[in-house]
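# Overview (structure and organization)
As a plain string of letters, each chain reads:
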Amino acid sequence: MPINESDVKWIEPPRMGLLERLYLPAIWQGLQTTVKHMFGPKVTVQFPEQRPVMPPNYRGVHRLNRDEKGRVKCVACYMCSTACPARCIDIVAAPAPADWTDREKYPAVFVIDELRCIYCGMCEQACPCDAIELTSLYDLTGLSREEMMFDKEKLLSVFDQTVKMGTDPVRTRSGPLSIASDPPPPGQPPPEGLEGSRG
Ligand code: SF4
Ligand code: SF4
């Protein structure tokens, strides 16, 4: 539908004074910013010799959490893959082993395409049993696309690695703020079952 001529509002460009036409105020403002950063705190680091400390809510490489018996916590409910906007989680559910009496299903296959992922954290927010979390690992590299397809074993190994490193304690917890990206409130004890899952 064409726009009515009476709805069009014409705006005159602001007139520049002599100083502005010489760009002197803009140059002065730019120099002020440069000098401010010269004497301000440095935020760059000499990577990889220096490693930045990521904030607790940083969303890096995924991991699949283990329960207190060391089993994968996931119950193959597909909530994460349904919530994922990038459609990069592939799950194949299977009946849980007979001695896993606390659940009906488990993920026979669980693959995340780390190259397709946009690290939004929707999967960990959707998970009803805190089985998937994004960690502080950020230096994700690989020589092929296949290497960047993280399967269940790889995701469980990220759990073992990050919990052992101490950089990523299990952050998910029950309650209304059960979101892995949120740092736990000060003084809150680790979630139940964490100690048994630390290899
Ligand atoms: S972080 Fe976002 S894009 Fe990546 S797997 Fe989770 S939901 Fe999908
Ligand atoms: S939402 Fe959680 S329990 Fe459900 S399939 Fe994903 S990781 Fe597993």
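From N to C terminus, the chain includes six helices and five strands. Across the chain, helices and strands are ordered from the amino to the carboxyl terminus as α-α-β-α-β-β-α-β-β-α-α. Out of the 199 residues belonging to the chain, those deemed buried represent 32%. Within the chain, contacts between residues separated by at least 24 positions form 68% of all contacts whose residues are at least 6 apart in sequence. On the chain, roughly 13,700 Å² of surface is accessible, and the fraction owed to carbon and sulfur atoms is 60%.

Let us now look at the side chain of K152. Turning to its location among the elements, K152 is positioned in helix 5 (residues 152-165). No salt bridge is formed by the buried K152; its nearest oppositely charged neighbour, E153, is found at 4.5 Å.

What follows concerns the site of ligand 1. In the vicinity of ligand 1 lie 14 residues, with C84, C117, C120, G121 and C123 positioned nearest. Of the residues contributing to the shell around ligand 1, the split by class is twelve nonpolar, two polar and no charged.

What follows is about the sheet that holds strand 2 (residues 89-95). With antiparallel pairing, three strands are arranged side by side in an open sheet as 2-3-5. The outermost strands of the open sheet, each flanked by one partner alone, are strand 2 and strand 5 (149-150). Alignment of strand 2 against strand 3 (residues 105-113), held across seven bridges, turns out to be antiparallel. Paired with V92 across the two strands is V109, which belongs to strand 3. Against the sheet, helix 5 contacts strand 3 and strand 5, and its axis sits at roughly 85° relative to strand 3.

On to the environment of R66. Along the chain, the position of R66 falls in the loop between strand 1 (62-64) and helix 3 (79-83). Among the polar contacts made by the side chain of R66, one reaches the main-chain carbonyl oxygen of G70 at a distance of 2.9 Å. A distance of 2.9 Å separates a polar atom in the side chain of R66 from a polar atom in the side chain of D160.

Conventions used here
Residues numbered from 1 in each chain as written. Chains lettered and ligands numbered in written order. Predicted model: local features only at pLDDT ≥ 70, side-chain atom pairs only at ≥ 80, totals over all residues. Heavy atoms only, no water. Helix = DSSP H or I, 4+ residues; strand = E, 2+ residues; numbered from the N terminus. Buried < 20%, exposed > 50% of the residue type's maximum accessible area, 1.4 Å probe, protein only. Contact = heavy atoms within 4.5 Å. Areas by Shrake-Rupley, 256 points an atom, 1.4 Å probe, with all protein chains shown as cover. Lys, Arg positive; Asp, Glu negative; His and termini not counted. Salt bridge = Lys/Arg side-chain N within 4 Å of Asp/Glu carboxyl O. Near = heavy atom within 4 Å. Nonpolar A, V, L, I, M, F, W, Y, C, P; charged D, E, K, R; others polar. Pairing = 2+ DSSP bridges. Axes fitted to C-alpha atoms, helices over the stretch in contact; angles between N-to-C directions. Polar contact = N/O pair within 3.5 Å; in protein donor to acceptor, adjacent residues only side chain to side chain.

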